[in-house]
Amino acid sequence: MFRRTFAEINLDHLAHNFFEIKKVGGEGRFICPMVKANAYGHGDVDLAKHLENVGATHLGVCLIEEGLLLRNHGMKSKILVFRGFDKQGAQKIFDAQMTPVVSTWDQLSALESVADETIKVHVKFNTGMNRLGFAPQEAEKLRTYFKNSKKLKLKAILSHFYCGEDAVSTSGLSAQQAKIMTEVFSYFKDDGVFAHLLNSGGIASLAEASVKNDPNHFLNKENWGFRPGLMLYGYSPDANLKAMNLKPVMTFKSVVNNIRQLQPGETVSYGATWKADKPATIAVVPVGYADGVHRLLSNRGVAMFAGQQVPIIGRICMDFLMLDVTNVVKDKNIQKFNEEEVILFGYDQNGNFLSADVTAKAAETITWEVLTAVGERVPRHYKGGQA
Ligand SMILES: Cc1ncc(COP(=O)(O)O)c(C=O)c1O
């Protein structure tokens with residue numbers, strides 16, 4: 001490695017979060033860790049392997065290609081493929097023994113046409129997100145369909161919360177979705193079918209004391225299966241939901257490229273959007289928007305330098321960004337900082353922490369995007385995870 005910019009992935013934190021999620025679910029809860037989008041930027045093959053090592057039996061991907069990658073690397077779990085597919089895709093899903101999540105009649109036909117033995121399928125219902133899934137009104141017709149199908153066996157039904165963070169409330173949007181899902185479920189329950197519904201928002205809500213202790217809360221009415229994404233990687237979907245003890249898995253870091261001293265009036269980076277109003281010390285860091293540092297963080301974001309949060313100044317470049325480290329360096333010998341570690345988010349060597357939530361807020365986006373945006377050219381280094 002010629003550039004010391006990388007993402008450090010803590011597999012022990014991943015396992016910790018997985019067990020935290022299991023604890024909320026209790027015995028016998030269906031859990032499908034979502035490892036789509038390169039495991040939210042953390043590296044899907046390595047994470048999926050570790051999740052299997054610590055007991056995961058299912059893995060959720062979006063693309064057929066993502067599922068094939070995991071199969072080709074020896075993953076034995078049931079791999080749920082959430083995105084739709086055509087006949088060619090159905091063939092691949094069947095050949096690689098993956099589990100299709102079906103949202104249309106065409107997809108059912110495609111599966112019928114490629115299967116020469118039973119395929120277990122999960123069927124998605126649209127309960128308000130209006131993205132994928134059958135209309136709830138089709139539940140009865142689908143039940144009849146599966147009763148008559150020789151090849152397709154319905155294993156589970158599912159839906160997706162679009163405001164999962166409000167699931168604590170019994171009068172929110174998630175409550176409405178769960179009500180619809182409960183009605184849909186009533187058609188299938190006696191057929192040995194289960195239902196999965198809860199993303200991080202739903203799971204974090206279920207963990208809150210007010211919900212946990214209320215047997216009549218809709219989240220407790222069914223043994224809704226879990227599909228955790230964000231929280232598996234250590235972040236809560238909402239700052240108000242903090243009952244779970246989650247540990248961020250990724251630290252995105254770099255090392256100072258060079259330190260420069262500027263005179264008042266000198267500017268930094270393209271467009272000269274930052275000007276020193278007094279003598280300033282800046283650190284040039286070899287990481288930029290091509291690595292996934294959002295350009296909106298220019299003159300707005302922070303990074304951690306020598307244990308302290310410092311501002312990103314000037315426009316973020318493709319390969320570099322600059323930090324104002326004047327207050328940290330002060331009258332110290334600047335040579336001392338020539339090799340200083342810089343944390344874009346995550347932990348420094350002394351355990352100081354900068355949250356990806358802070359980065360997301362400054363970039364006017366969400367933590368999901370900050371994590372998944374970490375670029376392909378940023379090597380992932382794995383630590384921990386001794387089975
Ligand atoms: C169908 C489905 N289930 C679960 C998840 C996980 O969501 P989260 O990362 O909010 O836990 C996603 C992510 O977008 C999803 O698309």
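Residues numbered from 1 in each chain as written. Predicted model: local features only at pLDDT ≥ 70, side-chain atom pairs only at ≥ 80, totals over all residues. Heavy atoms only, no water.

Asker: Describe the overall build of the protein, naming the residues involved and giving the relevant values.
Answerer: Regarding its fold elements, the protein presents 14 helices and 19 strands. Dimensions along the principal axes, computed over C-alpha positions, put the protein at roughly 80 × 45 × 40 Å. Here the protein holds 387 residues, and the buried ones make up 53% of them. Within the protein, contacts between residues separated by at least 24 positions form 67% of all contacts whose residues are at least 6 apart in sequence. Carbon and sulfur atoms provide 48% of the accessible area of the protein, an area that totals close to 17,700 Å². Of the side chains in the protein, 44 bear a positive and 40 a negative charge, and the two mean positions are spaced by 1 Å. (Helix = DSSP H or I, 4+ residues; strand = E, 2+ residues; numbered from the N terminus. Buried < 20%, exposed > 50% of the residue type's maximum accessible area, 1.4 Å probe, protein only. Contact = heavy atoms within 4.5 Å. Areas by Shrake-Rupley, 256 points an atom, 1.4 Å probe, with all protein chains shown as cover. Lys, Arg positive; Asp, Glu negative; His and termini not counted. Charge placed at Lys NZ, Arg CZ, Asp CG, Glu CD.)

Asker: Just give me the short version of the sheet that holds strand β3 (residues 78-81), but keep the residues and values in it.
Answerer: Pairing in this open sheet of 7 strands is parallel, and the strands run β2-β3-β4-β5-β6-β7-β8 from one edge to the other. Among the strands making up the open sheet, the edge pair consists of β2 (58-61) and β8 (225-226). Pairing geometry for β2 and β3, over 4 bridges, is parallel. Bridging from a neighbouring strand, L59 pairs with I79 of β3. Across the sheet, helix α8 (residues 173-188) touches β6 (152-158) and β7 (194-198), and the angle it forms with β6 is around 155°. (Pairing = 2+ DSSP bridges. Axes fitted to C-alpha atoms, helices over the stretch in contact; angles between N-to-C directions.)

Asker: I'd like a rundown of the packing of aromatic side chains, residues and numbers included.
Answerer: Following the criterion strictly, the structure yields 12 aromatic pairs and no others. Summarising the aromatic geometry, the rings of F18 and F19 are spaced 5.9 Å apart at their centres and angled 55° between planes, so their arrangement reads as tilted. Feature note: the residues W105, F125, F134, Y145, F146 and F188 constitute an aromatic cluster, connected by ring pairs. Sitting above the plane of the W105 ring, K141 keeps its charged end 4.7 Å from the centroid. (Phe/Tyr/Trp six-rings, centres within 6.5 Å; stacked < 30°, edge-to-face > 60°. Lys NZ or Arg CZ within 6 Å of the ring centre and 35° of its normal.)

Asker: Break down the domain arrangement of the protein for me, citing the residues and quoting the values.
Answerer: Domain annotation for the protein reports domain 1 (11-233) and domain 2 (250-383). Between domain 1 and domain 2, the residue contacts involve 13 residues of the former and 9 residues of the latter. Three residues stand out in domain 1 for area buried against domain 2, namely Y40, H42 and L230, and they jointly supply 47% of the buried area on that side. Seen at the junction of domain 1 and domain 2, the total is 0 salt bridges. Where domain 1 packs against domain 2, one counts 3 residue pairs in polar contact (both at pLDDT 80 or more). Listed by contribution, the elements that provide at least two residues to the side of domain 1 that touches domain 2 are α1 (11-25), α2 (36-41) and α3 (44-53). No other element matches the 4 residues that α2 contributes to the side of domain 1 that touches domain 2. Of the residues in the side of domain 1 that touches domain 2, the class split is 6 nonpolar, 5 polar and 2 charged. (Domains from an automatic or database assignment. Buried area = accessible area lost by both parts, 1.4 Å probe. Salt bridge = Lys/Arg side-chain N within 4 Å of Asp/Glu carboxyl O. Polar contact = N/O pair within 3.5 Å; in protein donor to acceptor, adjacent residues only side chain to side chain. Nonpolar A, V, L, I, M, F, W, Y, C, P; charged D, E, K, R; others polar.)

Asker: An account of the environment of R143 is requested, with residue identities and associated values reported.
Answerer: With respect to the helices, strands and loops of the structure, R143 is situated in helix α7 (residues 139-148). Classification of R143 as partly exposed rests on a relative accessible area of 28%. Sequence separation between R143 and F188 is 45 residues; the distance between their C-alpha atoms is 6.8 Å. R143 has contacts with Y187, F188 and D191, leaving out every residue within four places of it along the chain. Separated by 2.9 Å, the side chain of R143 and the backbone oxygen of Y187 make a polar contact. Polar side-chain contacts of R143 include one of 2.9 Å to the side chain of D191.

Asker: I'd like a rundown of the site of the ligand, residues and numbers included.
Answerer: In the vicinity of the ligand, 14 residues are found, and the nearest of them are K36, Y40, S200, R227 and G229. Within the contact set of the ligand, an oxygen atom lies 3.4 Å away from a side-chain nitrogen or oxygen of R131. At 2.5 Å from an oxygen atom of the ligand is found a side-chain nitrogen or oxygen belonging to S200. Out of a free accessible area of 400 Å², the ligand has 90% covered by protein chains. When the residues that make up the shell around the ligand are grouped by side-chain class, the tally is 6 nonpolar, 4 polar and 4 charged. (Near = heavy atom within 4 Å.)

Asker: Go over the packing of helix α5 (residues 87-95) against helix α6 (residues 105-114), please, and point to the residues and values.
Answerer: One way to put it is that α5 packs onto α6 with a least axis distance of 8 Å and a crossing angle of 55°. It follows that α5 is oblique to α6 by the angle criterion. In this structure, α5 meets α6 at a crossing whose hand is right-handed. On α6, the residues that touch K87, A90, Q91 and F94 of α5 are A110, L111, S113 and V114. (Parallel < 35°, antiparallel > 145°, perpendicular 65-115°, else oblique. Left-handed = near helix turned anticlockwise from the far one by under 90°.)

Asker: Tell me about the pattern of salt bridges, residues and numbers included.
Answerer: Tallied over the entire structure, the rule returns 12 salt bridges. One salt bridge connects R4 with E339, and the closest N-O pair in it is separated by 3.2 Å. Highlighted residues: R4 in the segment before β1 (6-10) and E339 in the loop between α12 (326-329) and β17 (341-347), separated in sequence by 335 residues. Look at R4 and you get partly exposed, because its relative accessible area is 40%. Connected via shared salt-bridge partners are R3, D291, D319 and R377.

Asker: Explain the nonpolar core to me, using residue names and the numbers behind them.
Answerer: If you look at the biggest cluster of nonpolar residues, it comprises 116 residues, and the most contacted ones within it are I157, F305, L323 and F345. For this core, the element with the most residues is α8, which contributes 6 residues. Shared between two domains, this core holds at least three residues of each, these being domain 1 (11-233) and domain 2 (250-383). Residues L262, W274, A280 and M322 belong to the second largest nonpolar core, which totals 10 residues. (Core = buried A, V, L, I, M, F, W, Y, C linked by side-chain atoms within 4.5 Å.)

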